[in-house]
Amino acid sequence: MLHFKKGEAVEATHPKNPENRNRLYPASVLRATNNNRLLLQYHTLFSDHPPNNPLRYSLPLSCVRPKLPDLLNPWFKVGDPVDAYCHSHGGAAWCSATVDDILENSRYAVSFWDEKGNVSTERAVIEQCRMRPHREWVHGYWVPPLPSQMDNNIQYTSSKPKKLKADETYKPPEMVSMTNTGNLRFKIKYSRRQLKESKFKKGRMVEVRDEDEGYEGAWFVATIVSSVGKDMFLVEYRDLLADDGTHQLLQEVVYEKFIRPCPPEVPSVSSFKQFQEVDAWYNDAWWEGVVLAVVNSSEYFVSFMHNDVLRFESSKLRPHQDWFDGKWVMASKGSRELTKKFGDVMSKAKNLTGNKIILKCLKSLEPELEQMPRILMSGSRNSSIQFASHLYKGAKVEVRSDEEGYQGAWYTAIIVNSLQNGKYVVEYLTLKTNDLTEQLREEADASDIRPVPPDIQHRHRYVLREWVDAWYNDGWWKGQVCGFACFRYSVYFWPTKEQLEFEHCHLRPHQEWIDGRWVHA
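Residues numbered from 1 in each chain as written. Predicted model: local features only at pLDDT ≥ 70, side-chain atom pairs only at ≥ 80, totals over all residues. Heavy atoms only, no water.

Looking up the chain in an unreviewed UniProt entry gives the name Protein AGENET DOMAIN (AGD)-CONTAINING P1 isoform X2, with the organism given as Arachis duranensis.

Engineer: Could you give an account of the packing of aromatic side chains, naming the residues involved and the relevant values?
Structural biologist: All chains considered together, the criterion is met by 23 aromatic pairs. Ring centres of tyrosine 462 and tyrosine 489 lie 5.5 Å apart, and the angle between their planes is 85°; on these two criteria the pair is classed as edge-to-face. Residue tyrosine 462 is located in the loop between β34 (449-451) and β35 (467-472), and its partner tyrosine 489 is located in strand β37 (residues 488-493); the two are separated by 27 residues in the primary sequence. Clustering of aromatic rings is evident, with ring pairs tying together Tyr406, Tyr472, Trp477, Phe493 and Phe502. Between arginine 260 and the ring centre of tryptophan 219, over which it is positioned, the NZ or CZ distance is 3.8 Å. One Lys or Arg, lysine 478, reaches over the ring of tryptophan 467 and ends 4.8 Å from the middle of that ring. (Phe/Tyr/Trp six-rings, centres within 6.5 Å; stacked < 30°, edge-to-face > 60°. Helix = DSSP H or I, 4+ residues; strand = E, 2+ residues; numbered from the N terminus. Lys NZ or Arg CZ within 6 Å of the ring centre and 35° of its normal.)

Engineer: Quick one: what's the story with the environment of threonine 433, residue by residue and with numbers?
Structural biologist: As for its placement among the helices and strands, threonine 433 is situated in the loop between β32 (423-432) and β33 (439-445). Not counting residues within four places of it along the chain, the set of residues in contact with threonine 433 comprises Glu438, Gln439 and Leu440. One polar contact links threonine 433 to aspartate 435, side chain to side chain, over a distance of 2.6 Å. (Contact = heavy atoms within 4.5 Å. Polar contact = N/O pair within 3.5 Å; in protein donor to acceptor, adjacent residues only side chain to side chain.)

Engineer: Help me get a handle on the side chain of histidine 134, residues and values and all.
Structural biologist: Summarising the element assignment, histidine 134 is placed in the loop between β10 (131-133) and β11 (136-138). Look at histidine 134 and you get buried, because its relative accessible area is 10%. In terms of polar contacts, histidine 134 uses its side chain to reach the side chain of glutamate 136, at 2.9 Å. The residues contacting histidine 134, other than those within four sequence positions of it, are Pro81, Val82, Asp83, Ser96, Trp113 and Pro144. (Buried < 20%, exposed > 50% of the residue type's maximum accessible area, 1.4 Å probe, protein only.)

Right, dumping it as C-alpha cells:
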C-alpha cells in the first residue's frame, strides 16, 4: 500500500464526484484517517463556510494519487492523450482530454473525456503551457512510464489487458501491470545480476547540465542524494528552490550523462585573454562562454551560446575545462570550433572594439566616423571611455515608453539607424502604424534603449512581492506579484496603480540593465 506523508503534494478527485478520475485537483495531505482515507486540503477548491478558505475533505485512498512530476512540455500531435489545466466544477483541475487540432500561438483544440474515459462533446482551446502528457497511476507506477522508470529492464508488448487479481501483491523478481486506457501492457523484470559500482557517491558535490531551451551551456551545482535505477541519480541543487512554496532545495532525477564532477580550481589565474573560453557565474549557474573583449584588468565582455553578450568582473569567471574520458582537460579550441560553439565571435568582437560601432568619447567624435552607427558613451574621473555594445544597426533591443499611462512598459524593436543628435530610429516588432499597414517606427533616446534581457525559464512559482515583467498590450510591463492561485498571479503596477491577473507563461523574472550588465531584481 502506498503511504502518503503529511504535507505531500497529491492529486485527488472532486469530493462530490470521487469516482471521476479524469478530473484531478491539486491538494496536500493533512493526515491519514480511519478506513484507508486521507484528509486533504485542496489548492483550488474553497469552502462556503467559512468562505474563501481552502476546502478540506476526507477521501478514500483509491481517489488520491501522487502529484505527477513536472515534465518538459512537448509539442503535442493530433490524437495525443493529454491533461489540460482548466476550470472544472468550482476549481482548477487537470482534465483528461484528446488533442483535436493544432492552432497558432502554441494553442491546441482538445476534447475532454467523460467519467468512463470516452471522448465527450465538451471542447476547449488550451495553451501549450497549461498541458501535460496524460499518465495513469497503476499499482504504484506511472503508465506510460516516466523517463526515470524507462531503462533496459522495461519491456513492452501489445496484447489484451489482463486484470490483476484482487489479492495479487508485489512479488519480485517480476511484476505485471496494465492500464485500462488501451492495449498497453508492460512488464518490469528485476535483474539478479549485481549492478556496477557507481562513480558518484552519496553526498558528492557535482555539476548538472540542463538541456532545456535557453539553458544551453549552463551547469548547476548539486549534491548526489542517491542512485536511482540504472545510470540515474537523485540530486539536490545548491542554488535552486522547489516550486511547491516550501522553500526547500529542488531535487530532481537526472541521467548520469548530464552529471560531471566539479572541476578543479585552476591556481594563479588573475586575468583572461581575448577569445579564451571561460565559465561565467550568472543566474545561479556556471555558463560556458568566450571572452570577446578585455575592458580592463578586472572586467570582460563574455559571449554565450545563446548569443547574449554580458559584462563580468574577473571574480565571476573561471577558466573553462572539459570533462573528457574521465579526466579534466583545459579548453583550447581554435577559431572554427569557437564559431561553431558560440557563433561568429570575430564579428561580435569587432563590434565591441569599434570597427562597426562608434565610441563616443568625452572629447569629440572623429569627423570621418560620424556616418557610422553610434554608441552611447559616458565618462568618469577614473576612465575616459565606457560603452554599451547593444546600440548598432540591426540589433534587437527593448525600448522604454515614458508616455502617460505607459510608464514601466518595454517594447521589443530593431535599431534601424543612428541619428546625429544621439538618438536612434527603431522599428517596433509588436506595434503597427494607425492604419495597420506597417510596423511602427520612432526616434528613441539611447537612455531609453536596452538589449533584450537573457531568457530565464522560470520553472518555479513566483512568490509574493517578487518583481516581474508581465506581457500585456504588446509589451513587457514591470509589476509586483501581490497574490496567486496555482498557475495564475495578481500583479500590481505601481505607475498606473492597476492590478491585473496573468498566467505563469505570461510572466518573466524582472531584470535591470545597470552599467552594461543585467542584474536580477
